[in-house]
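# Examining the three-dimensional arrangement
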Amino acid sequence: MKKHLVAAVGMSALLLGGCAQQVDYGNISDVWNKPETNVPVKPQPKPDTTTPVKPQPKPQPPQQKTDLNEVAENLTENMLASAAVKKITSGAEPVLFVSSMQNKTTSHVNSKQLLNTVKETVDDSGKFASVDSSRVKEVRQQLNFSSDDQLVNQSTAIQFGNMVGAQYMLYGSVSNTNKQVDGQSMPFYRMTMRLMDLKSGLIEWSDKADAPNTNPQGW
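Reading guide: rules and limits
Residues numbered from 1 in each chain as written. Predicted model: local features only at pLDDT ≥ 70, side-chain atom pairs only at ≥ 80, totals over all residues. Heavy atoms only, no water. Helix = DSSP H or I, 4+ residues; strand = E, 2+ residues; numbered from the N terminus. Buried < 20%, exposed > 50% of the residue type's maximum accessible area, 1.4 Å probe, protein only. Lys, Arg positive; Asp, Glu negative; His and termini not counted. Salt bridge = Lys/Arg side-chain N within 4 Å of Asp/Glu carboxyl O. Contact = heavy atoms within 4.5 Å. 1 Å grid on protein atoms, 1.4 Å probe; cavity = no way out; pocket = protein on both sides within 12 Å on 5 of 7 lines; lining within 4 Å. Points joined across faces, edges and corners; volume = space filled by probe spheres on them. Nonpolar A, V, L, I, M, F, W, Y, C, P; charged D, E, K, R; others polar. Axes fitted to C-alpha atoms, helices over the stretch in contact; angles between N-to-C directions. Left-handed = near helix turned anticlockwise from the far one by under 90°. Phe/Tyr/Trp six-rings, centres within 6.5 Å; stacked < 30°, edge-to-face > 60°. Patch = residues over 30% accessible without salt bridge, like charges linked within 9 Å, V, L, I, M, F, W, Y side chains within 5 Å. Areas by Shrake-Rupley, 256 points an atom, 1.4 Å probe, with all protein chains shown as cover. Charge placed at Lys NZ, Arg CZ, Asp CG, Glu CD.

If you check an unreviewed UniProt entry, the protein appears there as Penicillin-binding protein activator LpoB from Photobacterium damselae subsp. damselae.

## Let's talk about the side chain of Asp197
By the element assignment, Asp197 lies in strand E4 (residues 184-197). No salt bridge is formed by the buried Asp197; its nearest oppositely charged neighbour, Lys199, is found at 7.4 Å. Contacts of Asp197, omitting those with residues within four sequence positions, involve Gln167, Tyr168, Leu202 and Glu204.

## Observations regarding the layout of surface pockets
Over the atoms, a rolling probe the size of a water molecule traces out where space has been left empty. By volume, the largest pocket amounts to about 280 Å³. Around the largest pocket sit 15 residues that line it, and Phe97, Val98, Lys119, Val131 and Val136 are the ones nearest its centre. Mapped onto the lining of the largest pocket, the elements with two or more residues apiece are strand E1 (95-103), helix H5 (111-125), strand E2 (129-130) and helix H6 (133-142). Considered class by class, the residues forming the lining of the largest pocket number eight nonpolar, two polar and five charged.

## Some words on the packing of helix H3 (residues 68-80) against H5
Contact geometry of H3 with H5 gives a least axis separation of 9 Å together with a crossing angle of 35 degrees. Of the two possible hands of crossing, H3 and H5 adopt the one that is right-handed. Contacts between H3 and H5 involve Leu68, Asn69, Ala72, Glu73, Thr76, Glu77, Met79 and Leu80 from the first element and Gln113, Leu114, Thr117, Val118, Thr121, Val122 and Ser125 from the second. Each residue belonging to the contact of H3 with H5 can be placed in one class, and the counts come to seven nonpolar, six polar and two charged.

## Comments concerning the packing of aromatic side chains
Summed over the entire model, instances satisfying the criterion amount to one aromatic pair. Judged by centre distance (5.1 Å) and plane angle (45 degrees), the ring pair of Phe97 and Phe160 falls under tilted. Taken as a pair, Phe97 in strand E1 and Phe160 in helix H7 (residues 154-164) lie far apart in primary sequence, 63 residues in all. Phe160 shares its class with Phe97; the two are buried.

## A short note on a negative patch on the surface
Taken together, the side chains of Glu73, Glu77, Glu120, Asp123 and Asp124 present a region of like negative charge at the surface. When residues of the negative patch are traced back to their parent elements, those giving at least two are H3 and H5. When residues in the negative patch are grouped by element, the largest group, three residues, is from H5. On the secondary structure map, Glu77 appears in helix H3. Judged by its relative accessible area of 36%, Glu77 is partly exposed.

This is how it looks when you write it as structure tokens:
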């Protein structure tokens, strides 16, 4: 019994002795002062500061005029803006006689409507004085002119201009022509206009333009 008691006391002493040993946990300040490990930051893409280039529209071919009235108006405006007319009208307001548009096509053309378009465009410009219509009618009867087609002749036009008091005459015609469109021959109207000096008979200005003939029966 004593042997067992002595053995138990000895074991307790050993256990207590082992518990009394100090454990070295190191310096606690080293834990707090330990530098933090930096987490690598992914580089952010730089913003694109370049100005976006807008796509340029493809150049379109010039549109064809679809109406003879529009062609007549554009040709008259070209005449009024020409260097010849600027010179003619620089010092005075010359008298202009607007003749009819001669129909040389194989179909009907409303020449009277075209003539009115030309006259209105000239009058709106204020660059020319107009011939008195009653005087034109009177002189036409005196010369036995059935139409203005006879005024295309140079000598006749000069005689007529002197009698009505005009210095210049604007006249034109409409004829048929064909043009290649997408590899096919298509019918067109061709309008030609001229400005004649009725004193000298010289052509001061001339131009022409085309319009699609979409109606074979006429315009």
